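Fold and contact review
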Amino acid sequence: MKNDSGKIKVKVNCRRAPLGLMWHLRRSLSWIPQDDLENLDYIWLMDDIPDGTEDEDARRAREGECILYGAYKARQGDRPSYVLLFVRYVYEGIPALYWLTPVITWRMTRTLAHEVAHHALAQRGYIFHPGEDEKDEEALAERYAAEVLDRMAKRWHYRLARWVIRDLAETHY
């Protein structure tokens, strides 16, 4: 379900959204093929994983065992389909100095593309082409995200963003 302007709806549940959050989301969405967003009801931006979640991956992330940047929930009955992005984790480890640069767009797009791949599979039964082997859905979603990032990397500022993220990771970890 899209709003009147044809753009996808966004729910924002952030106590204090970081500077540039919606700009980064719009830039990220511009890299995702519109056909793959078809029938996605909304994107939900949330600060953190809610307490009391029943999802096993989300529970593990809340306990610090892993990091969960986002999730996809398929339409079931009256419940809409949506992509959930955990803003805290998207911005985590990135100094505020970089918040208004393509660094956040790069990281957000990686997560968004991965979750949109799950949506495409749920909607049409495949990600890339009909009849593909969907046994390893996570590998297919990672491949989809990698292809989106490869398209982005054709622009110098996104190559620079990729380098900054790698440099920050090497410096901090």
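The rules behind each value
Once a new chain begins, its residue numbering starts again from 1 and follows that chain's sequence as written. With pLDDT at 70 or above as the cut-off, local features in this predicted model cover only qualifying residues; side-chain atom pairs require 80 or more to be listed or tallied, and sums for whole chains, interfaces and linings still use all residues. Side-chain measures here rest on the full set of heavy atoms in the structure, leaving out hydrogens and waters. Accessibility here uses a 1.4 Å probe with only protein chains present; expressed as a share of the type maximum, an area under 20% marks a residue as buried, one over 50% as exposed, and anything in between as partly exposed. For helices the rule is a DSSP run of H or I covering at least 4 residues; for strands it is a run of E covering at least 2, with both sets numbered from the N terminus onward. Two strands pair under a simple rule: DSSP has to find at least two bridges between them. Patches draw on residues past 30% relative accessible area with no salt bridge. Two like charges within 9 Å are joined, as are two nonpolar side chains (Val, Leu, Ile, Met, Phe, Trp, Tyr) within 5 Å. Areas reported here follow the Shrake-Rupley algorithm with a probe of radius 1.4 Å; residue values treat only the protein chains shown as occluding. By definition, a salt bridge exists where a carboxyl oxygen of Asp or Glu is found within 4 Å of a side-chain nitrogen of Lys or Arg. Positive residues here are Lys and Arg, negative ones are Asp and Glu, while His and the chain termini are left out of the count. Where a charge lies is defined by one atom per residue type: Lys uses NZ, Arg uses CZ, Asp uses CG and Glu uses CD. Angles run from 0 to 180 degrees between N-to-C directions of axes, and those axes are lines fitted to C-alpha atoms, restricted for helices to the stretch in contact. Whether two residues touch is decided by their heavy atoms; if any such pair falls within 4.5 Å, the residues are in contact. Put simply, buried Ala, Val, Leu, Ile, Met, Phe, Trp, Tyr and Cys residues joined by side-chain atoms within 4.5 Å make one nonpolar core.

Moving on: the pairing of strand β4 (residues 82–86). Of all five residues making up β4, five are buried, and the element is well covered by its neighbours. Along β4, one buried face is formed by Tyr82, Leu84 and Phe86 and the opposite face, lined by Val83 and Leu85, is buried too. Here strand β2 (residues 42–46) pairs with β4 via five bridges, running parallel. Bridging from a neighbouring strand, Ile43 pairs with Val83 of β4. Relative to β4, strand β3 (residues 70–73) is paired through four bridges, and the arrangement is antiparallel.

A surface patch of like charges, here negative, comprises Glu134, Asp136, Glu137 and Glu138. Structurally, Asp136 is set in the loop between α4 (102–124) and α5 (137–152).

It is worth spelling out the sheet that holds β2 at this point. With respect to topology, four strands assemble into an open sheet ordered β1-β2-β4-β3, the strand pairing being mixed. The strands lining the two open edges of the sheet, one partner per strand, are β1 (9–13) and β3. Taking the axes of each pair of neighbouring strands and ignoring which way they run, one obtains an average angle of 15° across the sheet. Lying on the sheet, helix α1 (residues 21–30) is in contact with β1, β2 and β4; it crosses β2 at an angle near 145°. Packing against the sheet, α4 makes contact with β2, β3 and β4, and its axis sits at approximately 20° to β3.

Once that is clear, we can look at the nonpolar core. Across soluble globular proteins, nonpolar side chains have a tendency to be buried as a group. In this structure, Ile43 and Leu112 are the most contacted members of the largest nonpolar core, which totals 41 residues. Ranked by the residues each element gives to this core, the list is headed by α4, at nine residues. Leu112 has contacts with Leu25, Ser28, Leu29, Ile32, Ile43, Val83 and Leu85, leaving out every residue within four places of it along the chain. Membership of the second largest hydrophobic core comes to 11 residues, among which are Ala58, Leu68, Tyr82 and Leu84.

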